[in-house]
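# Structural overview
Single-letter residue listing:
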Amino acid sequence: MTDEIRRNMALFPIGIVMKLTDLTARQIRYYEQHELIIPARTGGNQRLYSFNDVERLLEIKDLIEKGVNIAGIKQVLLPVSKDSEEATVLNEQSEVKRRELTDTQLHRMLKQQLLGGGKRGQVSLIQGELSRFFKK
DNA sequence: TTTCTTACA
DNA sequence: TGTAAGTA
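Here we summarise the structure given alongside this text. What you are looking at is a predicted structure, and each value in this text was computed from that prediction instead of being measured. Chains are numbered independently. Their residues run from 1 in the order of the written sequence. Chains carry letters and ligands carry numbers; both start at the beginning, A for chains and 1 for ligands, and go up in the order they are written. Residues qualify for local features only when their pLDDT is at least 70, as the model is predicted, and side-chain atom pairs are given and counted only at 80 or more; totals for whole chains, interfaces and linings, by contrast, use all residues. To obtain the side-chain values, all non-hydrogen atoms of the structure were used and water was disregarded.

Once that is clear, we can look at unusual backbone geometry. Its identity as a non-glycine residue notwithstanding, Asp 22 has a phi of 65°, on the positive side. Relative accessible area decides the class of each residue, using a 1.4 Å probe on protein chains only: under 20% of the type maximum gives buried, over 50% gives exposed, and in between gives partly exposed. With relative accessibility at 61%, the residue Asp 22 sits in the exposed group. For Glu 35, which is not glycine, the phi dihedral falls at a positive 60°. Relative to the helices and strands, Glu 35 resides in the loop between helix H3 (25-33) and strand S1 (40-41). Secondary structure elements are taken from DSSP: a helix is a run of H or I of four residues or more, a strand is a run of E of two residues or more, and numbering for both begins at the N terminus.

Orientation is described by lines fitted to C-alpha atoms, with helices fitted over the stretch in contact, and by angles between N-to-C directions that extend from 0 to 180 degrees. Interaxial distance between helix H2 (residues 14-21) and helix H4 (residues 51-65) falls to 10 Å at its minimum, and their mutual angle equals 45°. Judged on the interaxial angle alone, H4 and H2 are oblique. As for how H2 packs across H4, the hand of that crossing is right-handed. Touching Val 17, Leu 20 and Thr 21 of H2 are Val 54, Leu 57, Leu 58 and Lys 61, all from H4. Classes in brief: Ala, Val, Leu, Ile, Met, Phe, Trp, Tyr, Cys and Pro nonpolar; Asp, Glu, Lys and Arg charged; the others, Gly included, polar. Of the residues that constitute the contact of H2 with H4, the class distribution is 5 nonpolar, 1 polar and 1 charged. Roughly parallel means an angle under 35 degrees; roughly antiparallel means over 145; roughly perpendicular covers 65 to 115; every other angle is labelled oblique. By definition, any crossing whose near helix is turned counterclockwise from its far helix by less than a right angle is left-handed, and any crossing with a clockwise turn is right-handed. The contact criterion used throughout is that any non-hydrogen atoms of two residues lie within 4.5 Å.

Here the focus is the pattern of salt bridges. Here, a salt bridge means any Lys or Arg side-chain nitrogen found within 4 Å of an Asp or Glu carboxyl oxygen. One pass over the structure, following the stated rule, counts 6 salt bridges. The closest approach of N and O atoms between Glu 32 and Arg 41, which form a salt bridge, is 3.3 Å. For Glu 32, a relative accessible area of 16% gives the class buried. In this structure Arg 41 comes out as partly exposed when scored by relative accessible area, which is 37%. Each member of the salt-bridge network shares a partner with another, and the members are Asp 3, Arg 6, Arg 7 and Glu 55.

This part is about the protein's contact with DNA strand C. Around DNA strand C, the structure places Thr 24, Arg 26, Gln 27, Tyr 30 and Tyr 31. Taken together, the sugar and phosphate atoms account for 33% of what DNA strand C places within 4 Å of the protein. Within the side chain of Arg 26, one N or O atom sits 3.0 Å away from a base oxygen of DNA strand C. Pairing of N or O atoms within 3.5 Å defines a polar contact, subject to two protein rules: one partner must be a possible hydrogen donor and the other a possible acceptor, and residues neighboring in sequence count only if both atoms are side-chain atoms. A distance of 3.4 Å separates a phosphate oxygen of DNA strand C from a polar side-chain atom of Tyr 31. By residue class, the composition of the surface near DNA strand C is 2 nonpolar, 2 polar and 1 charged. If a single non-hydrogen atom of a residue is within 4 Å of a molecule or strand, that residue counts as near it.

Read these as spatial facts, not as claims about activity.
Spelled out as structure tokens, the structure:
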């Protein structure tokens, strides 16, 4: 899969990313501080972004516009640990406490909605559980 | 000229 | 977040 390589190929400096994402350099660097993105660096310490980085920044921008804070964005964008995934499976199998939503399930629903297509009827349900993630 | 870090409003 | 300062 050489396409992966191309997508992760760091090519453009922050100036171009600013135009591509309509974000300010301040914001782009700020998101980097919070580890939402990790651009490569040149020998001169200049940041270099890849296509993947730009797409990720666009997602971040989307969430920001929807009123999600950094903590919330981290929940949505940061990779879900494998342990959580397995925990979900176990919980689903053990017909015990299968009444409440699993954190990872909720996580998927939120990401699905926040990032675009999301069934409106589901929103109200989510908003109630939202506190679990976007609390302070 | 552009970008970087640090720091103050 | 915006912006200023001093560099690289």
